Amino acid sequence: MRDGHILYEITCNIEQKKIQTLWAKEGANLLDVFREQRIPMDAVCSGKGICGKCRVKVTKGHVPVTGQDQHFFNEQELRDGYRLACNVRVYENLSVEVCGGVSQIQTFFIEQGQTLAEDLGEKGGYSIAADLGSTTLAAVLLAEDGRILAQASAVNSQRAYGADVISRIQASVEGKKEQLRDCICRDLRELFLTLLQTYGKHVQVERIAVAGNTTMLHLLRGYSCETLGQAPFTPVTLELECHPYHSLFAPAKGCDGSLVYLLPGISTFVGADLTAGCYSSGFWQADKDHPAFLIDLGTNGEMVFGSSDGYVTTSTAAGPAFEGARLSCGVPGIPGAICKVSYLYHRVRIQTIGRKKPCGVCGTGAMEAAAALLAEGLMDESGLLAPQIFEKGMMLARREDGSGIYLTQADIREIQMAKAAIRAGIEILYRRYQEQFCRTKQVQVSRIYLAGGFGYSLSPDTAAAIGLFPGGWKEKIVAAGNTSLKGAAAFLTDSRCAAELEKIRSKNRSVRLESDPDFQEIYLQKMQFSRKDTQ
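Residues numbered from 1 in each chain as written. Predicted model: local features only at pLDDT ≥ 70, side-chain atom pairs only at ≥ 80, totals over all residues. Heavy atoms only, no water.

Participant: Got a sec to walk through the overall build of the protein? Specific residues and values, please.
Facilitator: Looking only at helices and strands, the protein has 15 helices and 23 strands in total. Here the C-alpha atoms of the protein give a radius of gyration of 23 Å, agreeing with the 24 Å that 2.2 N^0.38 yields for 535 residues. Dimensions of the protein, computed from C-alpha atoms along their principal axes, come out at roughly 70 × 60 × 45 Å. Within the protein, buried positions represent 58% of all 535 residues. Across the protein, the fraction of contacts at a sequence separation of at least 24, relative to all contacts at a separation of at least 6, is 68%. As displayed, the protein has an accessible area near 22,700 Å², and 48% of this comes from carbon and sulfur atoms. (Helix = DSSP H or I, 4+ residues; strand = E, 2+ residues; numbered from the N terminus. Rg over C-alpha atoms; globule rule 2.2 N^0.38 Å. Buried < 20%, exposed > 50% of the residue type's maximum accessible area, 1.4 Å probe, protein only. Contact = heavy atoms within 4.5 Å. Areas by Shrake-Rupley, 256 points an atom, 1.4 Å probe, with all protein chains shown as cover.)

Structural data, given as structure tokens:
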């Protein structure tokens, strides 16, 4: 007993790799306990019991079966102790295996001589550039001359509070603001330390630049998110901010004396990640006679169309399916995620990230699976699966524990909604740019910069096959990579960048898709998986 509360011991086996002992008050929710103790856990629905991601196996102790457990587990799995952590209340000592987590896997390596900014401009001191994504964090350590000395990435532990910015805004408003801030501050600090440890030499970082969407930067700063989630959707600030390191993060040798710059955003739903991406991709220099698209397909689909004369921007909440969050067997783009799918002699062939054993399917793998089903005749253009796979879906592979990884009919609907939202956004930006900037002649799209981890890995053929992009775009697509991270690096190494970011912001015209008169019609039309979509 502690402070008048009965405490129970919870022994956690985390992904069959690490044993950890926790203490929980009587009646505590197991997911909340995991959140407090930073046990890696995927909770896409933020604990509402409707996503089925926060899976645990209770190996000691009795936990009643709920209706939501019955929805996600079969009778044998329930007898074996499988439960959803968000439905477990602690009333005795428990031993559990955490099987629904997403590890804070970090990948890092040193690349000598590579730079992220073409024109280094004025240089000075070691620096760190970071991309604060809703799903993935990425950072690089830069030398005085702009060379990459080390780079690292990790999964954003805020996923325990929901997959997208809407769920995290809600969690913040409901009293979880400090927990969300602590998550991201710890994650970034650990990422910075990983960079320094990987490089292996003692350095003093002078400046850190962070790009991210508006919600992520609000959560990092501890700003109120109340006005982000309700009309008229007003942010606390979109301006460039500069803070001493210690005002945001716990002490870290090599970083303590640095200044932290939070890059400026465009609007509530088009953040600093897109501002930075406009600069680093070269989009901002597009000639008015050759307008281009920049499309960042992360957890939030942000896009901009235009030229150096001006542009229109929008955002759509389509990304959770692209990042694997809303798929039944979905995972982020981590080692072991199925990323390539095809049929050979009517048999499924897959490829995983890092050639590791399959652990789930990421967004690109799901898109490729949908395209393969369409080509094989196992799915029609309405998205309906063939009778022989309708009930369980398409089996892609088996995990190490023998459980199957499927793409289900419900997953297909998630993909349809995501791709229809992105495609409708593209069509509307094209129309609105035509109206505002080029009324005298028909606009021709010259280039499409595809940004973000999902966008970088997505095959243009796959994108065209499922109707995510017009078929005529295939030869114009440029895989631009992590343009947000590159933009943060440019801010540190390119003397022109700060001023140009302000120009980029000033030339923007924002479009709200939900209030656009054409959105609903286009959205419904683009739900189809049309193989003849060449417009």
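What follows continues from the structure just given.
Participant: Give me the lowdown on the pattern of salt bridges, citing residues and values where you can.
Facilitator: One pass over the structure, following the stated rule, counts 17 salt bridges. One salt bridge connects D494 with R496, and the closest N-O pair in it is separated by 3.3 Å. Counted as one network, the salt bridges with shared partners bring together R431, R432, E435, D516 and D518. (Salt bridge = Lys/Arg side-chain N within 4 Å of Asp/Glu carboxyl O.)

Participant: Help me get a handle on the sheet that holds strand β22 (residues 477–481), residues and values and all.
Facilitator: Taking strand neighbours across the sheet as the criterion, the six strands line up as β22-β21-β13-β14-β15-β23 in an open arrangement whose pairing is mixed. Whereas interior strands pair on both sides, the edge strands pair on one side only; in this sheet they are β22 and β23 (508–510). Going across the sheet, the axis of each strand differs from the next one's by a mean of 20 degrees, ignoring polarity. Pairing geometry for strand β13 (residues 292–297) and strand β14 (residues 301–307), over six bridges, is antiparallel. Each residue of the ladder has a partner; that of L294, found in β14, is V304. This element, helix α14 (residues 497–506), spans β15 (310–316) and β23 of the sheet and lies at about 45 degrees to β23. (Pairing = 2+ DSSP bridges. Axes fitted to C-alpha atoms, helices over the stretch in contact; angles between N-to-C directions.)

Participant: How would you sum up helix α13 (residues 483–493)? Please name residues and give values.
Facilitator: One turn of the α-helix equals 3.6 residues, which is why residues spaced by three or four share an orientation. The element α13 is largely enclosed, with a buried count of ten among its eleven residues. Among the residues of α13, those classed as buried are T483, S484, L485, G487, A488, A489, A490, F491, L492 and T493. Where α13 starts, the residue carrying a side-chain oxygen 3.3 Å from the main-chain nitrogen of S484 turns out to be N482. (Polar contact = N/O pair within 3.5 Å; in protein donor to acceptor, adjacent residues only side chain to side chain.)

Participant: Report on the environment of E521, specifying residues and quantitative values.
Facilitator: Relative to the elements of secondary structure, E521 occurs in helix α15 (residues 519–525). Relative accessible area serves as the criterion here: at 62%, E521 is assigned to the exposed category. The sequence separation of E521 and E368 amounts to 153 residues, and the corresponding C-alpha distance is 26 Å.

Participant: Explain the packing of aromatic side chains to me, and be specific about the residues and the numbers.
Facilitator: Counted according to the given criterion, the structure contains 14 aromatic pairs. Consider the rings of Y261 and F491, whose centres lie 5.4 Å apart with planes at 55 degrees: the pair is tilted. Remark: F491 occurs in helix α13 and Y261 occurs in strand β12 (residues 259–262); sequence separation between them is 230 residues. A single burial state applies to Y261 and to F491, both of which are buried. Where Y433 meets F437, the ring centres are 5.0 Å apart and the plane angle is 25 degrees; that geometry is what we call stacked. (Phe/Tyr/Trp six-rings, centres within 6.5 Å; stacked < 30°, edge-to-face > 60°.)

Participant: Any details on the sheet that holds strand β5 (residues 94–98)? Residues and values, ideally.
Facilitator: The five strands are arranged β2-β1-β5-β3-β4 in an open sheet whose pairing can be described as mixed. Edge strands, defined here as strands with exactly one partner in the open sheet, are β2 (18–25) and β4 (82–84). Between one strand axis and the next, the sheet turns by 35 degrees as a mean value, whatever way the strands run. Summarising the sheet, strand β3 (residues 55–60) and β4 pair through three bridges and their orientation is antiparallel. Considered in β4, the bridge of R55 is made with L84. Most of the contacts of helix α1 (residues 30–37) go to β2, to which it runs at about 115 degrees, and overall it touches β1 (7–14), β2, β3 and β5.

Participant: Explain the packing of helix α4 (residues 165–199) against helix α5 (residues 214–221) residue by residue, including any values.
Facilitator: Look at α4 against α5: their axes get within 7 Å of each other, and the N-to-C directions meet at 65 degrees. When the axes of α4 and α5 are compared, the pair comes out roughly perpendicular. Here the hand of the crossing between α4 and α5 comes out right-handed. Here α4 contributes V165, R168, I169, S172, L180, R181, I184, C185 and L188 to the contact with α5, which in turn contributes T215, M216, L219, L220 and R221. For the contact of α4 with α5, a count of residues per class yields nine nonpolar, two polar and three charged. (Parallel < 35°, antiparallel > 145°, perpendicular 65-115°, else oblique. Left-handed = near helix turned anticlockwise from the far one by under 90°. Nonpolar A, V, L, I, M, F, W, Y, C, P; charged D, E, K, R; others polar.)

Participant: For the pairing of strand β11 (residues 241–244), give the residues involved together with the corresponding values.
Facilitator: Side chains of β11 alternate between two faces, with E241 and H243 buried and C242 and P244 left unburied. Pairing between β11 and β12: four bridges, direction antiparallel. The residue of β12 that forms the bridge with E241 is L262.

Participant: Talk me through the packing of helix α6 (residues 272–281) against α13; I want residue IDs and the actual numbers.
Facilitator: Relative to each other, α6 and α13 sit at 75 degrees, their axes nearing to 7 Å. Put simply, α6 runs roughly perpendicular to α13. Where α6 approaches α13, its residues D273, A276, G277, Y279, S280 and S281 are matched on the opposing element by T483, S484, K486, G487, A488 and A490.

Participant: Residues and numbers for the environment of F469, please.
Facilitator: The topology assignment puts F469 in the loop between α12 (460–465) and β22. Residue F469 is classed as buried on the basis of its relative accessible area, which comes to 1%. Setting aside chain neighbours within four positions, we find F469 in contact with I295, L297, I422, R423, I426, L450, L458, A463, A464 and I477.

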